[in-house]
Structure formats: C-alpha cells, structure tokens
Amino acid sequence: MQRIMTIAAATLIASPALAAGDKPFFSLANTDFVVTIGFFVFIGIVLYFKVPTLLGGMLDKRAEGIRSELDEAKALREEAQALLASYERRQREVQEQADRIIAHAKDEAVLAGEQARADLEKSIARRLAAAQDQIASAQAGAVKEVRDRAIAVAINAARDVVTKQMTAKDAAQSIDVAIAEVGQKLH
C-alpha cells in the first residue's frame, strides 16, 4: 500500500514540464493527467474487488495442487520402486531355482552316463563270455568230430586189417570169446 502512495505522490509532484503540450498538468485537457487518474481508478477497482487476494488464492490453490501432485508422484515412485524390488527378488529366486534344476539335471546326466557305461561294460563282458563259450563249444565240437572221424577211420582200417588176416577159425574163436566176455559182464 505504501508503494502505491509513493507512486501517486511522485505522479502528483511532477512538474508541468512533463505535461503534454502547453496545457497545465492538473487540467482534464492534459492527457497525462487523465491517464494518471484512469490508472488510479483502475488500481482502486482492482483493490476494491480484492483481485490481489483472489490472485494470491488462485496461486495458493495452484501451488497446493502442484504439491499434491508431487506427493502423489512420490508415492507412485515409491510404489514402483517397491514393485521393482519385488520383481527383482522374484527374478533372483527363479534364477536360483533354474540354476538348481540345471545342476540337478547335470548330476542326473552324469549318473545316467556312469550307469550306461557300467551297463555297457557288463553287456560287453556277457557278449565276450558268450563268444568265448561259443568258441569253446565250436572247438570241442571240432575235436569231437576229428576224434569220431579218427575212430571211424581206425575202425575201418582195423576191419580191413582184421578181415585180411583173419581166418574163419579165428573169427569163430573171436566171437566165442566176445560172447563169453559179455556173459561174464552181464552176470
């Protein structure tokens, strides 16, 4: 208010040199004086209708709205940070679980590999034993076949020799001896 009074006093004290043209300053014909009066009337109307108070109230209301928006933004930011921390924690938990599953799968794969290797070694040992048995069986069959053949050849050779060297008397005697042996063995 004091500022307005100072401006008004400065305007009233102004010298006629500031007046427009050759008219006196305090005359209604002087445009500077009329403008000054219009200015003071405008200031009076503005003060009468409490425009500065209304403007201050609107600015305060706007400041309060901005303050509430800032508070809401802070709350949303804190909520977003909490949500982010929750998702990061869940991601770490899921990652740890995935790591455990992978480690378990690797352990199972190693165990399955060892089991397969042991089964393969057993299978190879069984097949090797079966092959050796087949070889032994084939060898025994071959030996038996050679013996049987040798016996057959020896019998044929002995028959030929005996047939050539034996007479009818020797044959009858040989049959009698064989019958006596069979008779002794059966009794």
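Residues numbered from 1 in each chain as written. Predicted model: local features only at pLDDT ≥ 70, side-chain atom pairs only at ≥ 80, totals over all residues. Heavy atoms only, no water.

Brief notes about the overall build of the protein
Quick note on the threshold: Secondary structure counts use DSSP, requiring at least four H or I residues in a row for a helix and at least two E residues in a row for a strand, with both numbered from the N terminus. When accessible area is computed with a 1.4 Å probe and restricted to protein chains, residues below 20% of their type maximum are described as buried, those above 50% as exposed, and intermediate ones as partly exposed. Using a 1.4 Å probe, accessible areas were evaluated by the Shrake-Rupley method; residue-level cover was limited to the displayed protein chains.
Counting its regular elements, the protein contains four helices and zero strands. Starting at the N terminus, the α and β elements of the protein follow one another as α-α-α-α. In the protein, buried positions account for 5% of the 187 residues. When the accessible surface of the protein is totalled, it reaches about 16,300 Å², and 63% of it is carbon and sulfur.

Observations concerning the packing of aromatic side chains
Inclusion rule: Note on ring pairs: Phe, Tyr and Trp rings are taken, using the six-membered ring of Trp, and paired if centres are within 6.5 Å. Classes follow the plane angle, with under 30 degrees stacked, over 60 edge-to-face and the rest tilted.
Within the structure shown, the criterion is met by two aromatic pairs. Ring geometry for Tyr48 and Phe49: centres 5.1 Å apart, planes at 80 degrees, overall edge-to-face. For the pair Tyr48 and Phe49, one class covers both residues: exposed.

So, the pattern of salt bridges
For clarity, the cut-off: Salt bridge criterion: a side-chain nitrogen from Lys or Arg within 4 Å of a carboxyl oxygen from Asp or Glu.
Using the criterion set out here, one finds two salt bridges in the structure. Between Glu64 and Arg67 there is a salt bridge, with its nearest N and O atoms 2.8 Å apart. With Glu64 and Arg67 both in helix α3 (residues 51-165) and three residues apart, this pair spans about one turn of that helix. Its salt-bridge partner being Lys144, residue Asp148 comes within 3.3 Å of it at the nearest N-O pair. Taken together, the residues Asp148 and Lys144, both in helix α3 and four residues apart, mark about one turn of the helix.

Here's the deal with unusual backbone geometry
The phi dihedral of Lys50 is positive, around 55 degrees, even though this residue is not glycine. Mapped onto the fold, Lys50 is located in the loop between α2 (31-48) and α3. According to the relative accessible area criterion, Lys50 is exposed, its value standing at 53%.

Here we look at a nonpolar patch on the surface
Put simply, the rule reads: Distance thresholds for patches are 9 Å for like charges and 5 Å for nonpolar side chains (Val, Leu, Ile, Met, Phe, Trp, Tyr), applied to residues having over 30% relative accessible area and no salt bridge.
Judged by side-chain polarity, Leu28, Val34, Ile37, Val41, Ile45, Tyr48 and Phe49 come together as a nonpolar surface patch covering roughly 730 Å² of accessible area. Mapped onto the secondary structure, Ile45 falls in helix α2. Note on Ile45: relative accessible area 44%, which makes it partly exposed.

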